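Results of the structural survey
Chain by chain, the residues run as shown.
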Amino acid sequence: MTKPPKSPLRQGLQRRGFGLTLLIVEFGVLSSFLFSLALYIFGTVQTVRTLWDALPRIGQNDVTKELVVAAIEQTDLVLVATALLIISVGLQALFVQRLDNLPGWLHIRTFDDLKTKLMGIVVVALVVEFFKDAIKWDGTSSILTLGLALAAVILAVAAYTFVQARYSSEKGGDEKSGPDEE
């Protein structure tokens, strides 16, 4: 038994409802992009300011350590900005329209692709944060606890990634869920 065709009115309402969903996603795309842009600009301004302030003190013992810590903090900021940019591009590609002229590593075809890229950035950001704390370490507190907590998070992310990859390969692994897929 075949289903009767949907009425044109019902089809129109469904299309408009999905169009509203796309508009909501565009707000997420825009907000992630704006935060990313703001963090890139802030990082650049902060870098110039830090270097400018350090110039008169070049040659003093503490300046090099301060610059190393500032560089690591700037790296962490850039990683967060990059994660937000990847979220923006990924949501755009998954829900609205695939973007052209992107490097191959940034093509996002499924939600799992987006999660995997973000998990990688989160792990690197955690390592950078630990590295910053290790450089600042004054020997009075236990850095081992922080290192073990970081290792536990990285291990959990690695286990999740391994299980996810195995599940995807068992399922066929080549599912496509983004728009404009051929």
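Residues numbered from 1 in each chain as written. Predicted model: local features only at pLDDT ≥ 70, side-chain atom pairs only at ≥ 80, totals over all residues. Heavy atoms only, no water.

**Description of the overall build of the protein**
Filter applied, for reference: The way it works is that DSSP assigns letters per residue, a run of H or I at least four long becomes a helix, a run of E at least two long becomes a strand, and they are numbered from the N terminus. Contact criterion: two residues are considered in contact whenever any of their non-hydrogen atoms come within 4.5 Å of each other. For every accessible area listed, the method is Shrake-Rupley and the probe measures 1.4 Å; residues are considered covered only by the protein chains on display.
The number of helices and strands found in the protein is four helices and zero strands. Mapped from its N terminus to its C terminus, the protein presents α and β elements in the order α-α-α-α. For the protein, restricting intrachain contacts to residue pairs at least 6 apart in sequence, the fraction spanning at least 24 positions comes to 69%. With the model as given, the accessible surface of the protein reaches about 12800 Å², and the carbon-plus-sulfur share is 68%.

**Section: the confidence of the model for the protein**
Operational definition: Known as pLDDT, the predictor's confidence for each residue is given on a scale from 0 to 100.
Across the protein, the average pLDDT comes to 78, with 84% of residues at or above 70. Here residues 174-182 is modelled with pLDDT under 50, and outside its nearest four sequence neighbours on either side it reaches 19 contacts, counting other chains as well.

**Points about the environment of T116**
Along the polypeptide, T116 turns up in helix α3 (residues 111-136). As a C-alpha pair, T116 and Q164 span 48 residues in sequence and 9.3 Å in three-dimensional space.

**Digging into the environment of I86**
Considering the arrangement of structural elements, one finds I86 in helix α2 (residues 61-96). Placed 35 residues apart in sequence, I86 and I121 show a C-alpha to C-alpha distance of 9.8 Å. Not counting chain neighbours up to four residues away, the residues in contact with I86 comprise W105, L106, I108, L114, K117, L118 and I121.

**What to know about the pattern of salt bridges**
Worth spelling out the cut-off: Definition used for salt bridges: Asp or Glu carboxyl oxygen within 4 Å of a side-chain nitrogen of Lys or Arg. Working definition: with a 1.4 Å probe on protein chains only, accessible area under 20% of the residue-type maximum means buried, over 50% means exposed, and in between means partly exposed.
Throughout the structure, instances matching the rule amount to three salt bridges. Notably, a salt bridge pairs R57 with E66, separated by 2.8 Å at the nearest N-O pair. A relative accessible area of 26% means that R57 is categorised as partly exposed. Residue E66 is classed as partly exposed on the basis of its relative accessible area, which comes to 37%. In this structure, a network of salt bridges that share partners links the residues R57, D62 and E66.

**A closer look at the side chain of T110**
Worth spelling out the cut-off: In protein, a polar contact requires one atom able to donate a hydrogen and another able to accept it; more generally it is a pair of N or O atoms within 3.5 Å, and residues adjacent in sequence count only if both atoms are side-chain atoms.
Note on placement: T110 falls in the loop between α2 and α3. Separated by 3.1 Å, the side chain of T110 and the backbone nitrogen of D113 make a polar contact.

**A short note on the environment of V69**
With respect to the helices and strands, V69 occurs in helix α2. On the basis of relative accessible area, V69 is assigned to the buried category, the value being 10%. Separated by 62 residues in the primary sequence, V69 and F131 have C-alpha atoms spaced 9.1 Å apart. Not counting residues within four places of it along the chain, the set of residues in contact with V69 comprises K132, I135 and K136.

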